[in-house]
Amino acid sequence: MGCRVTLYNFFCFFFRIFARVTHPTANLPNEVYLQGLLAADKQTLEHIYTEFRPAIVRAINTDGGSNADGGVFFQTALYEAAALARSGQLHADIPFFPQLKALAVAHYRDWLEE
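Just so you know, these numbers come straight off a predicted model, no measurement behind them.

Basis of the calculations
Residues numbered from 1 in each chain as written. Predicted model: local features only at pLDDT ≥ 70, side-chain atom pairs only at ≥ 80, totals over all residues. Heavy atoms only, no water. Buried < 20%, exposed > 50% of the residue type's maximum accessible area, 1.4 Å probe, protein only. Phe/Tyr/Trp six-rings, centres within 6.5 Å; stacked < 30°, edge-to-face > 60°. Helix = DSSP H or I, 4+ residues; strand = E, 2+ residues; numbered from the N terminus. Core = buried A, V, L, I, M, F, W, Y, C linked by side-chain atoms within 4.5 Å. Axes fitted to C-alpha atoms, helices over the stretch in contact; angles between N-to-C directions. Parallel < 35°, antiparallel > 145°, perpendicular 65-115°, else oblique. Left-handed = near helix turned anticlockwise from the far one by under 90°. Contact = heavy atoms within 4.5 Å. Nonpolar A, V, L, I, M, F, W, Y, C, P; charged D, E, K, R; others polar.

Asks: Please set out unusual backbone geometry residue by residue, giving values where relevant.
Replies: Even without being glycine, alanine 40 reaches a positive phi, approximately 50°. For alanine 40, a relative accessible area of 53% gives the class exposed.

Asks: Mind laying out the packing of aromatic side chains, listing which residues take part and the relevant values?
Replies: Summed over all chains, the structure comprises eight aromatic pairs. Ring geometry for tyrosine 33 and phenylalanine 96: centres 5.4 Å apart, planes at 15°, overall stacked. In this pair, tyrosine 33 is assigned in helix H2 (residues 30-39) and phenylalanine 96 in helix H5 (residues 96-113), connecting sequence segments 63 residues apart. Comparing tyrosine 33 with phenylalanine 96 shows no difference in burial state: the two are buried.

Asks: Got a sec to walk through the nonpolar core? Specific residues and values, please.
Replies: By size, the foremost hydrophobic cluster in this structure holds 20 residues, and its most contacted members are Leu37, Ile48, Phe52, Leu90, Phe96 and Leu100. Secondary structure elements with two or more residues in this core: H2, helix H3 (42-62), helix H4 (67-86) and H5. Residue contributions to this core peak at seven residues, all from H4. Counting residues in each nonpolar core, the second largest holds five residues, with Ala59, Ile60, Phe73 and Tyr108 among its members.

Asks: With reference to specific residues and values, describe the packing of H4 against H5.
Replies: It is at 8 Å that the axes of H4 and H5 come closest, and there the two elements cross at 120°. On the basis of the axis angle, H4 is oblique to H5. Every pair of crossing elements has a handedness; the one defined by H4 and H5 is right-handed. When H4 is examined against H5, the residues Asp69, Phe73, Phe74, Thr76, Ala77, Leu78, Glu80, Ala81 and Leu84 are found in contact with a partner set consisting of Phe96, Leu100, Leu103, Ala104, His107, Tyr108 and Trp111. Split by residue class, the contact of H4 with H5 holds 12 nonpolar, two polar and two charged.

Asks: Could you give an account of the environment of alanine 92, with specific residues and numbers?
Replies: With respect to the helices and strands, alanine 92 occurs in the loop between H4 and H5. Between the C-alpha atoms of alanine 92 and asparagine 30, which are 62 residues apart in sequence, the distance is 7.3 Å. Sequence-distant contacts of alanine 92, that is, excluding residues within four places in its chain, are made with Asn30 and Leu34.

Printed below as a string of structure tokens:
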């Protein structure tokens, strides 16, 4: 858990200071993704899967993982993003996609270290 927390916190700090990058195909405002997670809205979740899963699987592939690893860590990151949103810890001022990607990559790297 140490690497995941550190990487995610660094990511949030970095984005607040240096960048406002979104996924190139982000079709919905950030608030829609966050509210969809909070409400477990089926349509929003399907949109998140369609829109962001391929890019996150590619990120895990780039880090040395398989497509299956990418799918598992995408889903793990989505679960954690929902839990963070419910607890008020998901950063509404940072675009959703980079947060989701950072969570997926951090979980993958933690898994590699086990």
